[in-house]
Amino acid sequence: SQQGEEDPQALSIQEGENATMNCSYKTSINNLQWYRQNSGRGLVHLILIRSNEREKHSGRLRVTLDTSKKSSSLLITASRAADTASYFCAAPSGAGSYQLTFGKGTKLSVIP
Amino acid sequence: DAGVTQSPTHLIKTRGQQVTLRCSPKSGHDTVSWYQQALGQGPQFIFQYYEEEERQRGNFPDRFSGHQFPNYSSELNVNALLLGDSALYLCASRRDRGQETQYFGPGTRLLVL
């Protein structure tokens, strides 16, 4: 079953604009992670936010976490064409929390 | 410092055949996980290996098996291939202690005809 569900499924913006992607999850989590995937290749880890954190920044990325609503958002500011990719949220799940459960992702297109 | 590497990059097989995919973890990592990603979907957890043992398994049939070697590298074996096994297979590694982030390899794209 999906732990994370991203919204929207696809997003198209102009270069320089901000992009916001949302993620909802079902069960209690210790942390939530965001990954980027370019053209069906490997995933690149972007940022991890712990359950006791509300907001975290990394360069042009800002992630928020609302555990009461079981939701998270990823904001990419001043987008660039190179940000074109699929973005996934993922949370540890299962006994021991060894596995990551991913959503279906948001496909972001940044138009130059 | 080499990241996670996988081989081969692409593979074409026919139904009923068997396939072996290989993964070398990032230096210093001792835990390897395998994921299957169908087109347009998020990765699905297959299993995780630690200390040469399968530690956790996702909802995949016994046709999917694996192995971890003393140097922490790993193999994923799939027997009796089905058309539905066509996917990108991703390997991820991390240190078992004190690290929650998983580092992914570039994947092996398997096509079953």
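Everything below is about the structure printed above this text.
A brief structural summary. (Residues numbered from 1 in each chain as written. Chains lettered and ligands numbered in written order. Predicted model: local features only at pLDDT ≥ 70, side-chain atom pairs only at ≥ 80, totals over all residues. Heavy atoms only, no water.)

The subject of this paragraph is the overall build of chain B. Along its length, chain B carries zero helices and 11 strands. Reading chain B from its N terminus to its C terminus gives the helix and strand order β-β-β-β-β-β-β-β-β-β-β. For 113 residues, the compact-globule estimate of 2.2 N^0.38 gives 13 Å, and chain B sits close to it at 13 Å. Dimensions of chain B, computed from C-alpha atoms along their principal axes, come out at roughly 40 × 25 × 25 Å. Looking at chain B as a whole, 51% of its 113 residues qualify as buried. In the form shown here, chain B has an accessible surface area of approximately 5400 Å², with 49% of it arising from carbon and sulfur atoms. Between the mean site of the 11 positive side-chain charges and the mean site of the 11 negative ones, chain B shows a separation of 8 Å. (Helix = DSSP H or I, 4+ residues; strand = E, 2+ residues; numbered from the N terminus. Rg over C-alpha atoms; globule rule 2.2 N^0.38 Å. Buried < 20%, exposed > 50% of the residue type's maximum accessible area, 1.4 Å probe, protein only. Areas by Shrake-Rupley, 256 points an atom, 1.4 Å probe, with all protein chains shown as cover. Lys, Arg positive; Asp, Glu negative; His and termini not counted. Charge placed at Lys NZ, Arg CZ, Asp CG, Glu CD.)

Next up on the list: the pattern of salt bridges. Under the defined criterion, the tally for this structure stands at six salt bridges over all chains. Linking Glu55 of chain A and Arg62 of chain A is a salt bridge whose minimum nitrogen-to-oxygen distance equals 3.1 Å. Between Glu54 of chain B and Arg57 of chain B there is a salt bridge; the shortest N-O distance is 3.0 Å. For Glu54 of chain B, a relative accessible area of 34% corresponds to the partly exposed category. (Salt bridge = Lys/Arg side-chain N within 4 Å of Asp/Glu carboxyl O.)

Two cysteines whose sulfur atoms are joined by a covalent bond form what is called a disulfide. All names here are of chain A. Here the structure, examined in full by the defined rule, presents two disulfides over all chains. The disulfide partner of Cys23 is Cys89, and the gap between their sulfur atoms is 2.1 Å. Because the sign of the S-S torsion sets the handedness, a value of about 75° for the bond joining Cys23 and Cys89 places this disulfide among the right-handed ones. With Cys23 in strand β3 (residues 19–25) and Cys89 in strand β9 (residues 85–93), the pair connects residues that are 66 residues apart, well separated along the chain. (Disulfide = S-S within 2.5 Å.)

Residue and element names in this part refer to chain B. Mapped onto the fold, Asn77 is located in strand β8 (residues 74–78). Judged by its relative accessible area of 15%, Asn77 falls in the buried class. Within the structure, the side chain of Asn77 is placed 2.7 Å from the side chain of Thr20, a separation counted as a polar contact. Excluding residues that lie within four positions of it along the chain, Asn77 makes contacts with Gln18, Val19, Thr20, Arg63, Phe64, Ser65 and Gly66. (Polar contact = N/O pair within 3.5 Å; in protein donor to acceptor, adjacent residues only side chain to side chain. Contact = heavy atoms within 4.5 Å.)

Bringing the environment of Ser24 of chain A into the picture now. Residues and elements named next belong to chain A. Secondary-structure assignment places Ser24 in strand β3. Its relative accessible area of 35% is what places Ser24 among the partly exposed residues. Once the C-alpha coordinates of Ser24 and Gly96 are considered, the two residues, 72 residues apart in sequence, prove to be 21 Å apart.

What follows is about the sheet that holds strand β1 (residues 5–7) of chain B. Residues and elements named next belong to chain B. On the basis of which strands lie adjacent, the open sheet formed by four strands has the order β1-β3-β8-β7 and antiparallel pairing. Looking at strand neighbours, the two that pair on one side only are β1 and β7 (64–68), the edges of this open sheet. Here the average twist between neighbouring strands, direction ignored, is 20°. Relative to strand β3 (residues 19–24), β1 is paired through three bridges, and the arrangement is antiparallel. In the sheet register, Gln6 faces β3, and the bridge partner there is Cys23. (Pairing = 2+ DSSP bridges. Axes fitted to C-alpha atoms, helices over the stretch in contact; angles between N-to-C directions.)

A few words on a nonpolar patch on the surface. Residue and element names in this part refer to chain B. Residues Ile12, Leu111 and Leu113 make up a contiguous nonpolar surface patch of roughly 300 Å² in combined accessible area. One can find Leu111 in strand β11 (residues 108–112). Under the relative-accessibility criterion, Leu111 is labelled partly exposed at 39%. (Patch = residues over 30% accessible without salt bridge, like charges linked within 9 Å, V, L, I, M, F, W, Y side chains within 5 Å.)

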